[in-house]
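Results of the structural survey
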Amino acid sequence: MTTVLVDVRFAGTFTSETGYTPATGEVGAVRRLSGDEVIRPGHGLVLDGPGQGVAVAAGSAGGGLAVEARLIPAGETAERVLLLVTGQDQAPAPDGLAISAGDVVVRGLSGVLSRLRVVVFEGAFDPAVLNGGHGPATLNGGHRPAAARRAATGGPAEPGWRVPIGGGDDVVARAALVRPTERQLAWQALERTAFLHFGVNTFTGLEWGYGDEDPDLFQPEDLDTDQWARELKAAGFTLAILTVKHHDGFVLYPSALTRHSVASSSWRGGAGDVLREFADSMRAHGLKVGVYVSPADEHEPTYANGSPRTPRRVGGLTLPATDYGAYMLGQLHEVLTGYGPIDEVWFDGSQGRIPAGQVEEYDFDSWYALIRHLAPDAAIANCGPDVRWVGNESGLARENEWNVVPVTVARERVDVTRYDAPDLGGRDFLSTADGDFLQWWPAEVDVSIRPGWFHHAEQEPKSADELMTIYHESVGRGAVLLLNVPPDRRGRLADADVAVLREWSARIDRDFAVDLADGAIRTTGGDGVTLDLGDLARVERIVLAEDLRHGQLIESLLVEAEEPDGWRRIAACGTVGAKRVITLPAPVESRRFRVRVLESRAPFHLAEFRLFR
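Quick caveat: nothing in here was measured; it's all calculated off a predicted structure.

**A word on the sheet that holds strand β21 (residues 413–415)**
One open sheet accounts for four strands, arranged β11-β22-β20-β21; its pairing is antiparallel. The open sheet has two edge strands, β11 (162–164) and β21, and neither has a second partner. Across the sheet, the mean angle separating the axes of adjacent strands is 40° when strand polarity is ignored. Looking at chain direction, β11 and strand β22 (residues 437–440) are connected through three bridges and run antiparallel. Of the residues in β22, the one forming a bridge with R162 is Q439.

**Observations concerning the packing of helix α10 (residues 464–474) against helix α11 (residues 495–511)**
Orientation of α10 relative to α11, taken along the N-to-C sense of each, is 50°, at an axis distance of 9 Å. By the criterion of interaxial angle, the relationship of α10 to α11 is oblique. Two packed elements cross with a definite hand, and for α10 against α11 that hand is right-handed. Note on element contacts: α11 touches α10 through V500, L501, E503, W504, R507, I508 and D511, opposite A464, D465, L467, M468 and Y471. A class-by-class count of the residues in the contact of α10 with α11 yields eight nonpolar, no polar and four charged.

**Here we look at the nonpolar core**
Judged by nonpolar contacts, the single largest core of 80 residues is most densely connected at W228, L242, V274, F347, L483 and W504. With seven residues, the single largest contributor to this core is helix α7 (residues 323–338). Discounting residues that sit within four places of it in the chain, L242 has contacts with L196, F198, W228, L252, V274, L275, F278, G290, V291 and Y292. Residues L557, A571, C573 and F609 belong to the second largest nonpolar core, which totals 28 residues.

**A few points about the packing of aromatic side chains**
Tallying each qualifying case throughout the model produces 25 aromatic pairs. Look at Y292 and W346: their rings are 5.1 Å apart centre to centre, the planes differ by 90°, and that puts the pair in the edge-to-face class. Of this pair, Y292 sits in strand β14 (residues 288–293) while W346 sits in strand β17 (residues 344–346); the two residues are 54 residues apart in sequence, bridging distant segments of the chain. Taken individually, Y292 and W346 each receive the classification buried, so the pair is uniform in this respect. An aromatic cluster is defined as three or more aromatic residues linked by ring pairs; in this entry it consists of Y303, Y324, Y327, F347, Y362, F364, W367 and Y368. Above the face of the F437 ring, R162 is positioned so that its terminal group lies 5.3 Å from the ring centre. Between R541 and the ring centre of F512, over which it is positioned, the NZ or CZ distance is 6.0 Å.

Thresholds applied
Residues numbered from 1 in each chain as written. Predicted model: local features only at pLDDT ≥ 70, side-chain atom pairs only at ≥ 80, totals over all residues. Heavy atoms only, no water. Pairing = 2+ DSSP bridges. Helix = DSSP H or I, 4+ residues; strand = E, 2+ residues; numbered from the N terminus. Axes fitted to C-alpha atoms, helices over the stretch in contact; angles between N-to-C directions. Parallel < 35°, antiparallel > 145°, perpendicular 65-115°, else oblique. Left-handed = near helix turned anticlockwise from the far one by under 90°. Contact = heavy atoms within 4.5 Å. Nonpolar A, V, L, I, M, F, W, Y, C, P; charged D, E, K, R; others polar. Core = buried A, V, L, I, M, F, W, Y, C linked by side-chain atoms within 4.5 Å. Buried < 20%, exposed > 50% of the residue type's maximum accessible area, 1.4 Å probe, protein only. Phe/Tyr/Trp six-rings, centres within 6.5 Å; stacked < 30°, edge-to-face > 60°. Lys NZ or Arg CZ within 6 Å of the ring centre and 35° of its normal.

Rendered as structure tokens:
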């Protein structure tokens, strides 16, 4: 008999102040020992050496105890497993683990503790029970023990959101094990999202302000966030992100932390709150709400002042931050607690205009920890753990846009080594790429409908034809489109922009109105899927999608149509991912169509095979 006492992955539920509250059905309690442990969002608990650690009060459970601690030692990237078992003959206990009077203690380690599992057992102990199980009856799920798998691979050979890259690994095989989080799956389903660059730059004609602009310049006398929401919803957008603060530091809500905000404008007598109206309007029209809070701030005097990171108390957490990092923590707390549920928090890595030799090293780790604490369902974009910048601002995803890419992680800022690489996840790139981890990190394609990001009256929007190309080269390649539609000085979306959005969305609706495969007989074979439509149909566009819950696995495929003398190839592509839209060079008429997968990293799961005229 084996019973789970504690199974905690240290992904944000553990704090230095309160310890860990076990889930329903677990017993025992986890508490801090000393020091200022820090949660790395989605990763683990940072331990800094002697005197620091965690303890599990398990003495009342009875029976033998077994503890598994998973640690990435300081200065290393591969995860190690420490295992200690009582009640039987065994080798000496691993350094850093102890069981005394029934209490399990993990102490004196240096690195990132990503998981701690404790079980009580009767009779002989089987190490397999500590292999990724999820309940007291069958803990190992039929897999090999963790130690055996780790000896073969040099790291965890089990599905996960982020896995270490070890020396000598079969990196492609390991990439096949990487899976998205539920948060990422929900985000990737959005497809079309909107950016709204709006602020004091709208009234100065600048793209990047200097921070010394008079707040009274901000005068959107006809602000109509309901118009924003109506037009975006009608154009098929699912989420909108507002520039709550751009690099100039001007804030679109009345903040208690700065006077450089709408509160210092005579607009609406200093009582205006663009963020409030934006959030209310988006939700009223069924859109999700995102915020951009610029890390760079040309106005805030603490920016790049050389202050050290010290513990700061915010939102019930104690987090390390510089003076400016603490200012950002305060702004994030105001936004995430005062304006309802936030679905995406958008950052970039831009630095302000600071003197040579100065730098503000952003406290991304602490900012992300606060976001996870206050808005656990919000996707953190770009430098964050959930969403990757595609690498350009042209509206173009790669021909083969992989969700699983090698990354480096520094203070929880996630990066790829080359954003301009034409391939970030294919076999050739993986075999030579640098990186600490393989991570599920889907691409967001940001582009503006106009030449600039803020509205400038002299500029014209892109045409519907150009937006259709962007749609096919972003959403049609498995990425999420983030299209900037900047409000004008009135506080409304410009008439010319609205006209283009309406034409664009009407064309998308028309092109994908009738799925000819709806009701078709679908046959799944070893290497693909065949559709029998029951009658001849004229096909111009094909839409494919993988079931991302099983990973992104397809590397190449053919699409074929049946003719009187056999099957004929009509299209080919590489990976599929969240969505692949194929436009045929000429319409094809047939009754039966099939997809044949030529290369796949593991057994594939084709969720969609749709045909459109």
